[in-house]
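Spelled out, the chains give:
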Amino acid sequence: MIETEGRDAEDIWKDYKTLFNTNNLNKLDVTEFNRVLGVFVKNLTIPGAYGKMLSIFQDMRDMAKVKPDESTYNIMMSMYLKKKDFKGINLCFGDMQKQNILPNTITYNIMIKAISKLDKSDTAMALYSEMVERKIRRNEKTFTMLFCACSARRNVPQAHQFYRIMLNEGLQPDIYTYNAYINVIARNAKDLKELQKAMDVIKQMREQGVNPTLVTYNILIKALQAMGKRTDALHLFNQMELEGVKPNSSTLEGIGITGLQALLKLRNTYKVTPSHTDFNTCMDQALKESKYTDAMEILSYMQESGFKPNVSTYSILMNAHIRQNDMIRAMGLFTAMKNDNVEPDNYIYASLIDGFVAQNDVEQAFTLVSHMLESKIELNKMTINRLIDTASKSKDPKLVQRVFERIERLTVPSKDACERVLWRIAQSYDIPVVEKYLKIMNKHNHIINRETFTAIITGASKGCNLTQARYWYNQMIEQGISPDHMLLSMMIRAHADDAKEIDKTLSLWNDFHYFGIAPDDDDIMYVLNLCAETSHWRDEIKILGQLKELGYDADSYKARITEKKQQSNDGTESKMDPDEEYYEEYGEYLKTRSANTSIIRVKERMQKWVRDIAKISSQKMDDNAKSRVEQWTPYRKPQLPIMGTKG
DNA sequence: GTAGGGTTAG
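The following refers to the structure shown.

Basis of the calculations
Residues numbered from 1 in each chain as written. Chains lettered and ligands numbered in written order. Predicted model: local features only at pLDDT ≥ 70, side-chain atom pairs only at ≥ 80, totals over all residues. Heavy atoms only, no water. Near = heavy atom within 4 Å. Polar contact = N/O pair within 3.5 Å; in protein donor to acceptor, adjacent residues only side chain to side chain. Helix = DSSP H or I, 4+ residues; strand = E, 2+ residues; numbered from the N terminus. Nonpolar A, V, L, I, M, F, W, Y, C, P; charged D, E, K, R; others polar. Expected span 1.5 Å × (residues − 1). Buried < 20%, exposed > 50% of the residue type's maximum accessible area, 1.4 Å probe, protein only. Contact = heavy atoms within 4.5 Å. Salt bridge = Lys/Arg side-chain N within 4 Å of Asp/Glu carboxyl O.

1. Some words on the protein's contact with DNA strand B
- Residues in contact with DNA strand B amount to 48 residues; listed here are only the nearest, Asn109, Lys113, Asn179, Lys222 and Asn280.
- The sugar-phosphate share of atoms of DNA strand B within 4 Å of the protein amounts to 40%.
- One nitrogen or oxygen atom from the side chain of asparagine 310 is found 3.4 Å from a base nitrogen belonging to DNA strand B.
- Within the side chain of asparagine 319, one N or O atom sits 2.7 Å away from a sugar or linking oxygen of DNA strand B.
- At six residues, helix H10 (residues 175-188) tops the list of elements feeding residues into the surface near DNA strand B.
- Residue classes in the surface near DNA strand B are distributed as 14 nonpolar, 23 polar and eleven charged.

2. Notes on helix H2 (residues 30-42)
- In this model H2 runs 18 Å from its N-terminal to its C-terminal C-alpha over 13 residues, within 8% of the 18 Å that 1.5 Å per residue would give.
- When H2 is considered as a whole, its buried residues turn out to be Glu32, Phe33, Asn34, Val36, Leu37, Val39, Phe40 and Val41.
- Those residues of H2 hidden inside the fold are in contact with helix H1 (9-21), helix H3 (49-62) and helix H4 (70-82).

3. Regarding the pattern of salt bridges
- With the rule as written, the count across this model stands at 22 salt bridges.
- Close ionic contact of aspartate 416 with arginine 420 constitutes a salt bridge, the shortest N to O distance being 3.4 Å. Of this pair, aspartate 416 and arginine 420 both sit in helix H24 (residues 415-428), four residues apart, roughly one helical turn.
- According to the relative accessible area criterion, arginine 420 is partly exposed, its value standing at 24%.
- Put simply, Asp389, Asp416 and Arg420 are held in one network by salt bridges that share partners.

4. A short note on the environment of alanine 226
- Position of alanine 226 among the secondary structure elements: in helix H12 (residues 214-226).
- Expressed as a C-alpha distance, the spacing of alanine 226 and histidine 321, which sit 95 residues apart in the sequence, is 29 Å.

5. Description of the side chain of asparagine 139
- As for its placement among the helices and strands, asparagine 139 is situated in the loop between helix H7 (124-133) and helix H8 (140-152).
- A relative accessible area of 14% places asparagine 139 in the buried class.
- With residues near it in sequence (within four places) discarded, asparagine 139 still touches Thr105, Asn109 and Leu171.

Structure (structure tokens):
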């Protein structure tokens, strides 16, 4: 009834609407509905695709009286996954059970992917067991997604477990599975030794005839960069080159090459055509480094290469304006974007709304919220938390209250959101106001637990209201909730930083013992230092005694404290240890030196390329495009003047 | 394949 082969989504929609209007939808069967839905899920960026899918799904049941099958649900779930809507996915999954539609491998794969992407819980193993119980076949994709879930939960042991299970089930990992597995290990590796395990996996995969790809190298290089192992990253980069694997912007970022320079290298050295992502990434980097001229060149080059600005492009540019508090230009881009038929998504809205909140313009912010809701984009947790956090940064504690009040009118704020507000309230107000917000939280049926108290106590400490911090700390204990290590550590530091609170600090120290929490190295040194600095030598001896009793190496702590004391007694003018002083100065020198040489180098390379590009772009771009590009790029002058340009 | 997989874009 509806031809989908090789036709674009808009035409298919027209055909569908014709059937709808002529009351002929009942001529479509489930397969045909699925085929049509499938077209839209692949083209979710076309305007209104999401709404169209929802109405097709509804028409299918209400008008055509066609019962959705597991494929229909899979398609809808896939749509929700792309929309990052976990609620929708769960609803579909629940509906399937209610209607006795059996989920298949794909359903579960989507569910696992969703929990790794959207849910906080660690239910990967539970879903896997469910598949086993219900005898639903697993495949390599299932395990790839299970590894994703492990990565999101930072659960490396579970990843190893899944790897063994996979081999036991007779499934041969392919490059995707291997990369996902390697990713879990690499992302969580704290040092080279832990990263070695990822290298071992690579050895295994090579033995299986699967060679590392760009993605594999990017994962490893990024991990090395995160560890600060620049030399090792470069080494790996060289190995990658030797194997003939070409880098992309992400690889280059891993070895410290960003922005225009990165694109230059991709084009000139590696002869690769940058992708849309490469352009966006590099432009974002340039904007964040305040290299506005570069950003403009990147934008032109991107358009010449046939890439139209997409949501991310717009978002990157808008955020650059928002960082400069220029909401007018940001809103201008918002209009331009809609004129370009690029649909704003929740990131776009979140950035704009947040920008207005940052400027104290609550009215404008919430006008945009209502626009957002009108276009069927929900006010999600991410947006709410972002607004509250931004409002919290204001000196005026009323801002967060106003924002929160507006949010309450639209939705039930999450527990997390309430706690963020409490954190800020406790910084500026005393007990009764905090109590008021606790009541609000209670009204929304949120449990008040350790997390809640931690938010309040941390807030009060940050606001230097230690009396209130102690009040809530005691309240918490009265409720039968014990502090955890983080909270106790934080309390001790907050009290120790205030010279008047030494006795309170020492009584908090006893809580480690009282609540059976083991103090760590930092805690111990912190308290011992405090005793030493304030000449509380009796307490010092007592604490060292306690430590010995508890099996700590008290002598080594004693030695470290004595050493510190001697240093400060040496009577040098600076409190800093001479080595530290030297390194600090030397470090500054090194920083300026390397910055200067690299600036010169970048400048030289840039000039050449910018000239090239400028030539091409003036030929290729029409005037309209040129003025658009100029209008988009943040106007602030580049901080580093570019030599060789006119003037 | 009507639906599902790896690193980087806001």
